[in-house]
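Descriptive structure summary
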Amino acid sequence: MKRILLRLTASAMLTASLAMPAIAADTLKTIRERGKIICGTSPGVAGFSLQDANGRWEGFDTDICRALAAVIFNDPDKTAYVPLTSKDRLIALQAGEVDVLPRTTTWTLSRNASQGVTFTGVNYYDGQGFMVTKKLGVTSASQLGGASICVAQGTTSELNLADYFRKLGQKYEPTAFATSEEALRAYEAGRCDAYTTDISALSANMLKFRVPEEHVVLPEVISKEPLGPWVRSGDEVWFNLVRWTLFALINAEELGVTKANIAEMTKSTNPEIKRFLGQDGKFGEAMGVSNDWVVRIISAVGNYGESFERHLGQKSRMRLARGPNALWTQGGLQYSPPFR
């Protein structure tokens, strides 16, 4: 009797373990049946994801969603966006409320290992910094001992802040808010001496101030913040499609494939470009999409560099330098595995 019970228990556990991936593996099918992809986004960060005057979402992160919609439907506008706060974003993804989370969310061990979600790849290398008013007279973050600092709850910024002052052996007064927007408004209202988050977000938020020139970002970068799209764990097909969509954007820039020349590039005799654009091999079919999937991506949003310049670069309001987000051939960290 004991052996039978053990066999039944083991069988039930195996059945459950096999069923989990089967449920999770329906993401691409679900999206196709629904007729659109649902993307988690921030409530609004200039350059990354922000609604324009007509309510249309635009930004560097939303280009990931548009690229995926182009792959699946050959229509980058078959997307829906769900604004999520920092503390709710991963819970919403894990619960199936969104299909993918390209929202500025740092890749960490604890998130990847224990929250039922998986990181696909880095689309932006960032780091945490501090913003203060110029009248405070502070030129270094090390001078913020005893200061009150606004920060959003449920973020790596909150944890890094504690680590930073612990290492300095200084006390500080954390003033945590439910959302980044609330923390920013409190800082601007003078409720805190400083505001801390990713440096890219500090640059974006400065654009919201009545007098941006009254504020300054301090020089210290106190953390590593690799940002990129997240998916639910257990769905290898969807994970691969999201990951290689990001790599396709990067690889296109490496090969000089752009939105303007994509039609001409499909006629290239270069074997690397032929493979990449689906003229040779069936890499798209292997991932459950059409073999011209990369052509669809670049036709819709351009390559990685084009997306960066449009939303974050020197021709945008953000005016951010590429820095570590430059290609590896240009001194940066962005690098795509081979398409072969």
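Our subject in this report is the structure included herewith.

Reading guide: rules and limits
Residues numbered from 1 in each chain as written. Predicted model: local features only at pLDDT ≥ 70, side-chain atom pairs only at ≥ 80, totals over all residues. Heavy atoms only, no water. Pairing = 2+ DSSP bridges. Helix = DSSP H or I, 4+ residues; strand = E, 2+ residues; numbered from the N terminus. Axes fitted to C-alpha atoms, helices over the stretch in contact; angles between N-to-C directions. Contact = heavy atoms within 4.5 Å. Core = buried A, V, L, I, M, F, W, Y, C linked by side-chain atoms within 4.5 Å. Buried < 20%, exposed > 50% of the residue type's maximum accessible area, 1.4 Å probe, protein only.

Our focus in this paragraph is the sheet that holds strand β7 (residues 128–133). The 5 strands lie next to each other as β9-β8-β10-β7-β11, forming an open sheet whose pairing is mixed. Two strands bound the open sheet, and with one partner strand each, they are β9 (173–177) and β11 (215–217). Going across the sheet, the axis of each strand differs from the next one's by a mean of 30°, ignoring polarity. Both strand β8 (residues 148–152) and β9 contribute to a ladder of 5 bridges, which runs parallel. Residue serine 148 lies in a different strand from β9, and its bridge partner there is glutamate 173. Its contacts with the sheet put helix α6 (residues 156–168) on β7, β8, β9 and β10 (194–198), and the angle it makes with β7 is roughly 80°. In the packing of helix α7 (residues 180–188) onto the sheet, the strands contacted are β7, β8, β9, β10 and β11, and the crossing angle to β8 comes to about 155°.

Turning our attention to the nonpolar core. Counting residues in each nonpolar core, the largest one holds 57 residues, and the members touching the most others are Val100, Trp238, Leu241, Leu277, Trp293 and Ile297. Listing elements by their share of this core, those giving two or more residues are α2 (27–34), β1 (37–41), α3 (62–73), α9 (236–255), α10 (262–265), α11 (271–276), α13 (293–301) and α14 (304–311). Top contributing element to this core by residue count: α9, with 11 residues. One finds Val138, Val151, Leu161 and Phe165 within the second-largest nonpolar core, a separate group that totals 14 residues.

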